[in-house]
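Residue-level listing of the chains:
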Amino acid sequence: MRKIATYLKDLSESTRLIFLSCPPVNEDMLNTNSSSILSTIVRTNEESRHYSEACIEVCKEMDVKVVDLWSAIQTRPDWRTSCFTDGIHFSAEGSIIVVEEILKVLKEAEWEPSLHWKNIPTEFGESSAYDVVASDNKSTINISEFTFHREKQWD
């Protein structure tokens, strides 16, 4: 992990990194969904916790931003059933937690320029004759920055 972080940081002085720590697993679901074709998956929550703690420690030593997925996923009381599709891969709910945690890091990071989505200029943000026509049938409405259509409203 340290070698990977060093390599990436050395690519450029402006390289910014966010590492994601190892998330927990639902061992029961993982063992129930095992395949006769593949070898047995022996990942445990205890191993995941150790990897997560090691990742966080290395990131602190190397001044790399880190998302503590081990803790973030487990904030939901029903994390074992709601955050995974098979015990190891994230469901939509698990993915939402990951996105929220990454956005927190991006929002709090003092990076110039900021990489938080609200601070990045919108592609095609300028008005165009091809935009939606407003109710006055004369002006247009640029909908490129509208977010009301999203299922989840991100901060």
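Summarised in this report is the structure supplied together with it. Within each chain, residues carry numbers counting from 1 in the order of the written sequence. Whole-chain, interface and lining totals are the exception, using all residues; otherwise, since this is a predicted model, local features are given only for residues with pLDDT of at least 70 and side-chain atom pairs are given and counted only at 80 or more. Excluded from the side-chain calculations are hydrogens and water; all other atoms, namely the structure's heavy atoms, are used.

## Some details on the environment of Asn 45
Point 1. For the purposes of this entry, the term helix denotes a DSSP run of H or I that reaches at least four residues, the term strand denotes a run of E that reaches at least two, and both are numbered from the N terminus. Within the secondary structure, Asn 45 sits in helix α3 (residues 45–62).
Point 2. Burial status follows relative accessibility: with a 1.4 Å probe on protein chains alone, a residue under 20% of its type maximum counts as buried, one over 50% as exposed, and anything between as partly exposed. Classification of Asn 45 as buried rests on a relative accessible area of 12%.
Point 3. The contact definition used throughout considers only heavy atoms, calling two residues in contact when any of these lie within 4.5 Å. Ignoring any residue separated from it by four or fewer positions in sequence, one finds Asn 45 in contact with Pro 24, Val 25, Glu 27, Trp 70, Trp 79 and Arg 80.

## Here's the deal with the nonpolar core
Point 1. Put simply, buried Ala, Val, Leu, Ile, Met, Phe, Trp, Tyr and Cys residues joined by side-chain atoms within 4.5 Å make one nonpolar core. Listed in full, the eight residues of the largest apolar core are Ala 5, Leu 17, Phe 19, Cys 55, Val 58, Cys 59, Met 62 and Val 64.
Point 2. Considering every element that reaches this core, the biggest residue donor is α3, with four residues.
Point 3. Setting aside chain neighbours within four positions, we find Cys 59 in contact with Phe 19, Val 64, Lys 65 and Val 66.
Point 4. Formed by seven residues, the second largest nonpolar core is a distinct cluster that contains Ile 73, Trp 79, Cys 83 and Ile 97.

## Focus: helix α6 (residues 92–108)
Three or four residues apart is the spacing at which side chains of an α-helix point the same way, because the helix has 3.6 residues per turn.
Point 1. Expected helix span is computed as 1.5 Å times (number of residues minus one). Taking 1.5 Å per residue as the helical rise, α6 with its 17 residues ought to reach 24 Å, and the 24 Å between its terminal C-alpha atoms agrees with that figure.
Point 2. For α6, the complete set of buried residues consists of Gly 94, Ile 97, Val 98, Glu 101, Leu 103, Val 105 and Leu 106.
Point 3. The inward-facing, buried residues of α6 abut β1 (18–20), β2 (65–67), α4 (69–73) and α5 (79–82).

## Quick notes on the packing of aromatic side chains
Point 1. Put simply, two rings from Phe, Tyr or Trp (the six-membered ring, in Trp's case) pair if the centres are within 6.5 Å, and we call them stacked under 30 degrees between planes, edge-to-face over 60, tilted for the rest. Per the counting criterion, the structure on display carries two aromatic pairs.
Point 2. With 6.1 Å between their ring centres and 70° between their planes, Trp 79 and Phe 84 make a pair best called edge-to-face.
Point 3. Residue Trp 79 is classed as buried on the basis of its relative accessible area of 7%.
Point 4. Seen in terms of ring centroids, Phe 84 and Phe 90 are 5.8 Å apart; in terms of plane orientation they differ by 20°. Their pairing is stacked.
Point 5. Judged by relative accessible area, which is 25%, Phe 90 ranks as partly exposed.

## Considerations on unusual backbone geometry
Point 1. With an omega of -5°, the peptide bond between Glu 112 and Pro 113 qualifies as cis.
Point 2. Its identity as a non-glycine residue notwithstanding, Asp 63 has a phi of 55°, on the positive side.
Point 3. Overall, Asp 63 belongs to the exposed group, its relative accessible area being 69%.
Point 4. We note that Asn 137 has phi near 60°; this positive angle belongs to a residue other than glycine.
Point 5. Within the fold, Asn 137 resides in the loop between β3 (132–133) and β4 (140–141).

## Side note on the state of the cysteines
Point 1. Throughout, disulfides are identified as pairs of cysteine sulfur atoms within 2.5 Å of each other. This structure, assessed with the given rule, holds zero disulfides.
Point 2. Cys 55 provides the cysteine sulfur closest to Cys 22, a residue in no disulfide bond, and the two sulfurs are 8.8 Å apart.
Point 3. Take Cys 22: its relative accessible area is 18%, and that puts it in the buried class.

## Quick word on the pattern of salt bridges
Point 1. Salt bridge criterion: a side-chain nitrogen from Lys or Arg within 4 Å of a carboxyl oxygen from Asp or Glu. Tallied over the full model, the rule gives six salt bridges.
Point 2. Ionic pairing is found between Arg 76 and Asp 78, a salt bridge with its closest N-O pair at 2.9 Å.
Point 3. According to the relative accessible area criterion, Arg 76 is partly exposed, its value standing at 24%.
Point 4. Glu 93 is the partner of Arg 76 in a salt bridge, and the nearest nitrogen-oxygen pair spans 2.7 Å. Of the two residues, Arg 76 is situated in the loop between α4 and α5 and Glu 93 in helix α6; the sequence distance between them amounts to 17 residues.
Point 5. Connected via shared salt-bridge partners are Glu 46, Arg 49 and Glu 53.

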